[in-house]
Amino acid sequence: MKNAVTFDLYKTDSGTRARRGCLHTPHGDVQTPVFMPVGTQATIKAMKPEDVAGLGHEGVNIILSNTYHLYLRPGHEIVRKAGGLHKFMNWKGAILTDSGGFQVFSLGDLRKITEEGVEFRSFIDGSKHMFTPEKSMEVQNALGSDIIMAFDECAPPDADRGYIKKSLERTTRWLRRCKDSHKDVERQSLFGIMQGGFFKDLRYESAMQICELDLPGYAIGGLSVGEPKEVMYDVLDNCVELLPSDKPRYLMGVGSPDCLFEGVERGIDMFDCVLPTRIARNAAAFTSVGKVNLRNAVHTDDFEPLDPNCDCYCCRNYSRAYLRHLCKSNEIMSSMLLTEHNLYFLVRTMEKIREAIEEDRFLEYKQEFFDSYGEF
RNA sequence: GUGGGUGUAGUCAAGCGGUCAAGACACUGGGUUGUGGCUCCAGUAUGCGUGAGUUCGAAUCUCAUCACCCACC
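Residues numbered from 1 in each chain as written. Chains lettered and ligands numbered in written order. Predicted model: local features only at pLDDT ≥ 70, side-chain atom pairs only at ≥ 80, totals over all residues. Heavy atoms only, no water.

### Some points on the sheet that holds strand β1 (residues 6-12)
Moving on, step 1. Taken in spatial order, the three strands of this open sheet run β1-β2-β3, and their pairing is antiparallel. Every other strand in the sheet has two partners, leaving β1 and β3 (28-32) as the edge strands with one partner each. Sheet twist, expressed as the mean angle between neighbouring strand axes with direction ignored, is 15°.
Moving on, step 2. With five bridges joining them, strand β2 (residues 19-25) and β3 adopt antiparallel strand pairing. What sits directly across from L23, in β3, is V30. (Pairing = 2+ DSSP bridges. Helix = DSSP H or I, 4+ residues; strand = E, 2+ residues; numbered from the N terminus. Axes fitted to C-alpha atoms, helices over the stretch in contact; angles between N-to-C directions.)

Shown next, in the form of structure tokens:
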């Protein structure tokens, strides 16, 4: 019996823990380290799937979508009927679905966590629903994504140690239930999620527990939830290596350019983040010279491209003045162009990171990037 | 020419004698990290057409004046 998703580790950087590998999925290979664009509602907002697939020089082969949202609307049975999520949204590459666990945390109000699962209210119509590990597996099985995530609890960052410990242990028990109820391992691979807050010993405990289950991949959850970056880096320093080196390591929810470098340096293979797509819709862009707010008055008559060092569609054809005009006028094109640029920027940066690791000069490239990009 | 009305930030305006001159849009800046977001937060009038006056106190009352609008000669 072969796992749906397997991982090949090609090379580890000599000076850091940065790794170069490949994820083999039923919908194609994914070169790592990789950044996965987020398409929560079965769409990368403001972009067509084929345009997403064509980003960067090598293209995008994996995206993330969301169990919680698709369960509520249109309903996972509709997606199953449509022939699965790939067909439904016309995405040819691989898909990773988040389990709905994060919404348990982000939807804070009106939810009740028990050993059985989580009772919550729909953000759409207020109706009551129950998510359990089994339910999350059922929904993700219906969606047919290549990688399905365990139903975990992402404890709030300000929770006390006692709660974090209880929560991580429950997350492990839920992970066992996920594994037990997920049958078709040749079609979809289940990834486990480490929790433990910012406590090194709890992270260790969580890692030991979930790794026992010998899953095809592991994620680090509970980070990038509002803590200072140094805290996140510190946790990563101590817990990435707790995960098996022959399995992909996925840092959930991280995606600012600086965090990608810091994550890769500490041995992370996969990232996802709404940041590039969300800030694009709010007139902000990542560029090789730092973050730019297109609404700022200085761009009024700036007819240079958004990023002179970028060869994306947006930068090849439009000026900052035009982009500012679109943003100020609330035109749909502003979301389209900036989303494309921001994703291109991260995807292309990841390509360069992979190349740098192959050539054993990750730190050099990192330095080069930050010299231009600035501190953050 | 006569009668009436209106003049408060870039715009539309609230206020109709008494702490700091509502609010909206626009403008300026900031935020956004497993997406409840084309969103959220913050800032911007030494001044209420102009000039006198009444009053302890006036954007608010009086007079004059200017501008614009409407109606009628």
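Now that the structure has been shown, the text picks up again.
### Quick look at the packing of aromatic side chains
Moving on, step 1. The final tally for this structure, using the stated rule, is 16 aromatic pairs.
Moving on, step 2. With 6.3 Å between their ring centres and 35° between their planes, F286 and F345 make a pair best called tilted. Of this pair, F286 sits in strand β15 (residues 284-287) while F345 sits in helix α14 (residues 332-358); the two residues are 59 residues apart in sequence, bridging distant segments of the chain.
Moving on, step 3. With a centroid separation of 5.5 Å and 80° between ring planes, the pair formed by F369 and F370 is classed as edge-to-face. Take F369 and F370: they sit in the same class, and that class is buried.
Moving on, step 4. What links up through ring pairs into an aromatic cluster is the set F261, F286, F345, F362, Y365, F369, F370 and Y373.
Moving on, step 5. Lying over the aromatic face of F199, R161 brings its terminal NZ or CZ to 5.4 Å of the ring centre. (Phe/Tyr/Trp six-rings, centres within 6.5 Å; stacked < 30°, edge-to-face > 60°. Buried < 20%, exposed > 50% of the residue type's maximum accessible area, 1.4 Å probe, protein only. Lys NZ or Arg CZ within 6 Å of the ring centre and 35° of its normal.)

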